[in-house]
Amino acid sequence: MEVAYTIEELRQARRRICVAFAPEDERHPRVGFVPTMGNLHEGHMCLVKRMTDECEVSVVSIFVNPTQFAPGEDFDEYPRTPDADLMQCEDAGVDLVFFPEEDQLYLEDHSTEIVVHRLTERYCGAARPGHFAGVALVVAKLLNIVQPDIAYFGQKDYQQFRVIERMVRDLDFPVALSMCATVRESDGLAMSSRNAYLKGDDRKAAATIYQGLQVLAEAFAAGERDSAALKEAARAELAEPVRLEYLEIADAWSLEPKQSAARGDVVLVAAHVGETRLIDNIVLAAGEENAN
Ligand code: PAF
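Not measured: the values here are computed from a predicted model.

A. Highlighting the overall build of the chain. Helix and strand counts for the chain stand at ten helices and nine strands. Over its C-alpha atoms the chain spans a radius of gyration of 20 Å, differing by no more than 12% from the 19 Å that the globule rule assigns to 292 residues. When its C-alpha atoms are laid out on the principal axes, the chain stretches across 60 × 40 × 35 Å. Expressed as a percentage of the 292 residues in the chain, the buried residues total 51%. In the chain, of all internal contacts separated by at least 6 residues, the share reaching a separation of at least 24 is 71%. Total accessible area on the chain stands at roughly 14,000 Å², and carbon and sulfur atoms take up 48% of it. Charge centroids of the chain, computed over 29 positive and 50 negative side chains, lie 4 Å from each other.

B. The arrangement of the sheet that holds strand β9 (residues 276-283) in detail. Reading across from one edge, β7-β8-β9 is the order of the three strands in this open sheet, with antiparallel pairing throughout. Each end of this open sheet is capped by a strand with a single partner; those strands are β7 (242-250) and β9. For this sheet, the mean angle separating the axes of adjacent strands, direction not counted, is 15°.

C. Examining the sheet that holds strand β5 (residues 150-154) more closely. Taken in spatial order, the six strands of this open sheet run β1-β4-β3-β2-β5-β6, and their pairing is parallel. The sheet is open, and its two edges are formed by β1 (2-4) and β6 (176-180), each paired on a single side. For this sheet, the mean angle separating the axes of adjacent strands, direction not counted, is 25°. Pairing of strand β2 (residues 31-36) with β5 involves two bridges; the strand directions are parallel. Looking across to β5, one finds that phenylalanine 33 is bridged to alanine 151. The strands touched by helix α6 (residues 131-146) within the sheet are β2, β3 (57-62), β4 (96-98) and β5, with β2 carrying the most contacts at an inclination of about 150°.

D. Examining the side chain of glutamine 160 more closely. Checked against the element boundaries, glutamine 160 lands in helix α7 (residues 158-170). Each residue touching glutamine 160, except ones within four places of it in the same chain, is listed here: Phe132, Val135 and Phe153.

Parameters and conventions
Residues numbered from 1 in each chain as written. Predicted model: local features only at pLDDT ≥ 70, side-chain atom pairs only at ≥ 80, totals over all residues. Heavy atoms only, no water. Helix = DSSP H or I, 4+ residues; strand = E, 2+ residues; numbered from the N terminus. Rg over C-alpha atoms; globule rule 2.2 N^0.38 Å. Buried < 20%, exposed > 50% of the residue type's maximum accessible area, 1.4 Å probe, protein only. Contact = heavy atoms within 4.5 Å. Areas by Shrake-Rupley, 256 points an atom, 1.4 Å probe, with all protein chains shown as cover. Lys, Arg positive; Asp, Glu negative; His and termini not counted. Charge placed at Lys NZ, Arg CZ, Asp CG, Glu CD. Pairing = 2+ DSSP bridges. Axes fitted to C-alpha atoms, helices over the stretch in contact; angles between N-to-C directions.

Here you go:
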């Protein structure tokens, strides 16, 4: 496995690895890419597994992106575990890790923004002003640097996926996007680096977020379609000290809220447990197991 710390090193290593894969002919190996902020857990490694299964060349980036954190958010506290991350990538058969410092990606006078309108106006976009502009900017830069054929993202960040998808479509990035199912702890809590902030009773209470989503999915499968009633069923499951930030049933593509729920709609939730902000979602499927 190679580790590149600069954009130039990344580009040279990518070229070298691709040529080594197909030295003779014009055949272009499929390059996969998993962008991360490090502190890799099973959720990330599931994306990596899908990438290494589907692509001949696999690239992971590790970069805690400052532009997607608002002042006062947890940028400084965000867990950083570089050695363990590199070891996991190596064990998983990743070919190349991009591990830039902040000044590699952001020049002092960087002056360009990417704003994806509409999809970012609600939910996490409303709660974290500027967050999706920061995500769009760094993902656009990483896609330009790595030039993957397929980029992999987790369903846990559902709104983020739709925002990136729209940016990629609107700006004609030559990349396919793949959304991988949320990986969960045994009690259903969606895996996240921020789960490390949860201790004792807060950790136990956090699992009721997914329990609420499941109860909502069961009510939907049993025939309930009224969004207000469905959301009430989920809300009733939440244990103290879970404090709901938003809970909405939305169209899976436009993310517009729905009064009446339908199969394929997404249920988006964000909640605070103490100081920790958690997000989760499921896609509604009538009469079957709900999708994550
Ligand atoms: O989902 C994340 O970990 C981040 O938002 C991403 C896509 C790596 C951009 O910093």
